[in-house]
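# Commentary on secondary and tertiary structure
Here is what each chain is made of, one letter per residue.
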Amino acid sequence: MPILIPVPMPRQHFNIATPNHHNLVILLVLTLLSFPTCFANNEVATLVSWLHISPSLPHSSFLNWNPLDPNPCNWSHITCSDQKLVTQITIQSIELALPFPSNLSSLKSLEKLVISGANLTGTIPLDIGLSTSLTSIDVSANSLVGTITTSIGELQNLQDLILNSNQLTGKIPVEIGNCTNLRNLILFDNQLSGDVPIELGKLSNLEAIRAGGNRDVTGKIPDELGNCQNLKVIGLAATKISGSLPASLGKLGKLQTLSVYTTMLLGEIPPDLGNCSELVDLYLYENSLSGSLPPELGNLQKLEKMLLWQNDFLGPIPDEIGNCRSLKIVDLSLNSLSGSIPESFGNLSKLEELMVSNNNISGFIPPVLSNATALVQLQLDTNQIRGTIPVELGTLRGLSVFFAWENKLEGSIPSALGGCTSLQAMDLSHNLLTGRIPSSLFRLQNLTKLLLISNDISGSIPPEIGNCRSLIRLRLVSNRISGEIPKEIGFLKSLSFLDLSLNHFVGSVPDEIGNCTELQMLNLSNNSFGGSLPLSLSSLTKLQVLDVSDNKFQGQIPGSLGHLSSLNRLILSRNALSGPIPSSLGRCWNLQLLDLSSNSFSGTIPGELFEIEGLNIALNLSWNALTGVIPPQISALTKLSTLDLSHNRLGGDLMALSGLENLVSLNISYNNFTGYLPDNKFFRQLSSAELAGNRGLCSSGHDSCFLSYLGGLRPQNSSDSNRSMRLKWAIALLSVVAVAMAVVGVVAVFRVQKVNGDETDSEMGGGNSFLWKFTPFQKLNFSVEQILRCLVEANVIGKGCSGIVYRAELDTGEVVAVKKLWPTTTAARYNEEYGYMMKITEKSDVYSYGIVVLEVLTGKQPIDPTIPEGLHIVDWVKLRKGATDVLDSSLRARPESEINEMMQTLGVALLCVNPSPDDRPTMKDVEAMLDEIRHEREEFVKVDLLLKANGEQDDEKSANSGGPSKKMEGLYLGSNNTSFSASSLLYSSSSNAKVAFK
């Protein structure tokens, strides 16, 4: 009989005065919904009542769901049997925002329920177990919450259970093992937890289990899965699965994909896996698997992808792998494999990618690799490979990436590599290569990246370089290349990174370089270039770093350099430049570091320089012939951290410097300054070496040298002199008493610290932990005092394996998290405990920097005190989308190359915390990027960041040698801009390193 079901009328608004088809439909719906409706049958009632739970109008595809129809068989998304009963509901990629449909048991013949990508909400109802005809449930890519109801185990006919990409929680129900006809169990990318039920081993028809991406799924892979003889796919990636791979998996003769990457697997790969004759994809990367690779893997004739990187495998690569004739990708990087590259790899005619980076592989590059004619990527970097580069590799016309840096390769670069017509990136840095750069390389029309850093290459750059118009990065740092830069370089319109530093180049820089309008980084330092700086440099409007230091350039600085509005580092030091400093440099609005030291500049300091608001890292004008006074406009540089005006002929007083509150380093020695010192904490801490050589300057360090002393002075008559003398004796006596009391106090404090010293030292890094040196690398809106006063025990919000996190509230009310790293000795203990972390940090010695990272928090977002211990790079730097600043709390001097490396590593860390998880690099990517960052060191080899307290001796040495104070040199961070560092380094990693198969 007909069924009366009251349905609430949604509140809608429309213009009844202008009827159209859409409004007529609305009128019909409202009419039907305004009073209890008589439905033709249960199925119509169930479907209509579910659809109209939402107060909003249904999607247009549901407009034919007429509640007056005798059955729903003509409705969209509905399929019926010959008996006019609903058998299928298929709704995909339509925004519904409805709960999981209830009362499905009234659809007695329903076999297939597909509602995916529809923003389905709520929980899976318990009564789903009453729909016993169901063979397929697909509610993937929705917003379902709650647990997987155990009543699903009642569905004896169920073949497909697809619940992936929701927010389901709880355990995988053991009752699923009762669904004896189940073929596909797809649960990945939820929030499930617990073990994989051993009851799944009863599902003899099971073909696929995919439960990856559930971070809290734990336990071992059940041995019982070996009983699922029809199993084709096992996906348990990105979980906390542990233990070893069960040998029972070798019984799965139909297994095609084994994907258990980024988990906690241990032990060896069982040789039984070689019995899985249908295996196509083997993804076991980012685990802790160990032992040797079993030779039985060579039995896998259908294997196409073998991704085993980031494990602890030892021993040689089995020759038998060369028998896997279907192999397309082999990635064994980031292990401890030894021996040589098997010559049997030459048999792999379908091999497209061979990656064995970061191992202990020795021997030679086998020439027979040229038989693998499908090779696209060949990555052999960071090993012990020796010998020459085989000329036979030049026959690999499809090769696009060839990385062999950091090996022991010798001999010359084969000109035959010019036959690799698809080559896009080649990095042979840090080897023992000799000879010339083959001109044939520059005939490669697809080559974008050529890195030959730190070899022994000689000769000149061939003029054929102009033919390689695709070139973006050219780095020839630290070789013996000589001659002039060919004018043909002007044809490289795409070139963005040109680094020729630390070579033997001579002659003038060609004007044609101004045609390289995409240049962002130009480093010509440490050569013997001469002549004038080309006027055409002003055409490089995208240039961010220009470093021509340590050359023989002459003449004046072209005023047109002021057109370089993107420039943030201009380093012209140690040349023979002369004339006045052009005021047009004040138009370089983004300049952060300006170094004109050790030249012959004359005249006054142009006030326009101090209109550059971003000049916050360093201004070095030392070792010139500048005259006049310090312009009062310098007081505008309130963020400037380092200023060196030493060894000039400047005069006047220093009052203009009193407002530079963020200065951490100042050298005004050997000038003609006169008068008193500004009375503030910074000037009171200046050493005599930083003030020496100014005869008219009161620089003795006593109170009488500071301006505030003058306020207390008044004329004295003869009767006052005796009283003054008595006062001086009294002060002297009180001073002696005060010193004695201070000594007693120090002893007492020392004894107190002796009692509690162990605990304090282990947390705070020793007895000198209260001594800080503040070195900002970005614009800051706070002072160091604001930070230091918050570093007390009451503000501790967390402790990780790398340091302590404090909560600090600034004067502006802004809240930041301050992380102080443990000292090196403490970090070493953690490195021993967390070997995985040590893999990341051992090459850059991150922990010894003493870095504090500030995380600016927005709104009411809580500070997260949890620091992952030994698992990720973010263990030592926690970055979010807010501003990030760096403090240097170490008193020890650090080479600038390390500081540069640190800053670039911060750029890598920013990539690691990308808001989109899929865009974050894998640990393989991170390792590759960190390794290339080490290559970047050579471009800015410039002594120490800040020398220790022996500055006077250094200045004396500088005076004798005619060079600048080296305190400034360590601040040249070079290309720490991530636009051409961290982000471009991702190019070095394998395109297939990250497989999204869970």
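About the thresholds
Residues numbered from 1 in each chain as written. Predicted model: local features only at pLDDT ≥ 70, side-chain atom pairs only at ≥ 80, totals over all residues. Heavy atoms only, no water. UniProt positions renumbered as here; feature names shortened; annotations may be inferred. Pairing = 2+ DSSP bridges. Helix = DSSP H or I, 4+ residues; strand = E, 2+ residues; numbered from the N terminus. Salt bridge = Lys/Arg side-chain N within 4 Å of Asp/Glu carboxyl O. Buried < 20%, exposed > 50% of the residue type's maximum accessible area, 1.4 Å probe, protein only. Core = buried A, V, L, I, M, F, W, Y, C linked by side-chain atoms within 4.5 Å. Contact = heavy atoms within 4.5 Å. Axes fitted to C-alpha atoms, helices over the stretch in contact; angles between N-to-C directions.

As named in an unreviewed UniProt entry, the protein chain is Leucine-rich repeat transmembrane protein kinase family protein, taken from Actinidia rufa. What the UniProt record of the protein chain gives under Subcellular location (unreviewed entry) is the line "Cell membrane".

### Here we look at the pairing of strand 36 (residues 528-532)
As judged from the two bridges shared by strand 34 (residues 504-507) and strand 36, these two strands associate in the parallel manner. Each bridged residue has a counterpart across the sheet, and for V506 the counterpart in strand 36 is S528. Across three bridges, strand 36 lies against strand 38 (residues 552-555) in parallel orientation. Paired with G530 across the bridge in strand 38 is K552.

### Concerning the pattern of salt bridges
All told, the structure shown has eight salt bridges when counted by the stated rule. One salt bridge connects K998 with D189, and the closest N-O pair in it is separated by 3.1 Å. With K998 in the segment after helix 12 (982-985) and D189 in the loop between strand 9 (184-186) and strand 10 (191-195), this pair connects stretches of sequence that are 809 residues apart. A relative accessible area of 27% places D189 in the partly exposed class. Put simply, D679 and R684 hold a salt bridge, and the shortest N to O gap is 2.8 Å. Residue D679 is classed as partly exposed on the basis of its relative accessible area, which comes to 35%.

### Looking at unusual backbone geometry
Note: most peptide bonds trans; most residues except glycine with negative phi. Unusually for a residue other than glycine, T382 sits at a positive phi of about 55°. Along the polypeptide, T382 turns up in the loop between strand 24 (377-379) and strand 25 (386-387). Phi angles above zero are rare outside glycine, and S478 is one such case at about 60°. Tracing the backbone through its elements, the reader meets S478 in the loop between strand 31 (473-475) and strand 32 (482-483).

### Some words on the nonpolar core
Core analysis: the biggest nonpolar cluster contains 192 residues, and L258, L282, L284, F402, L522, L643 and L657 have the highest contact counts within it. Elements supplying a minimum of two residues to this core: helix 2 (42-51), strand 4 (86-92), strand 5 (112-116) and helix 3 (681-684). Looking at this core, the element that brings in the most residues is helix 2, giving five residues. For L258, the residues in contact, after removing those within four places along its chain, are I234, L249, L273, L279, D281, L282, Y283 and L284.

### A look at the sheet that holds strand 18 (residues 290-292)
One open sheet holds the three strands; their spatial order is 18-20-22, and the pairing between them is parallel. If you trace the sheet from one side to the other, it starts and ends with strand 18 and strand 22 (336-338), each paired once. Strand after strand, the sheet turns through a mean of 10° between neighbouring axes, direction not considered. Bridge analysis of strand 20 (residues 312-316) against strand 22 gives three bridges, and the strand direction is parallel. Of the residues in strand 22, the one forming a bridge with P316 is S338.

### Topic: the pairing of strand 10
Both strand 8 (residues 169-171) and strand 10 contribute to a ladder of three bridges, which runs parallel. Its bridge partner being in strand 10, K171 is matched across the sheet by S193. The pairing of strand 10 with strand 12 (residues 216-218) spans three bridges and is classified as parallel. Bridge pairing in strand 12 places G194 opposite V217.

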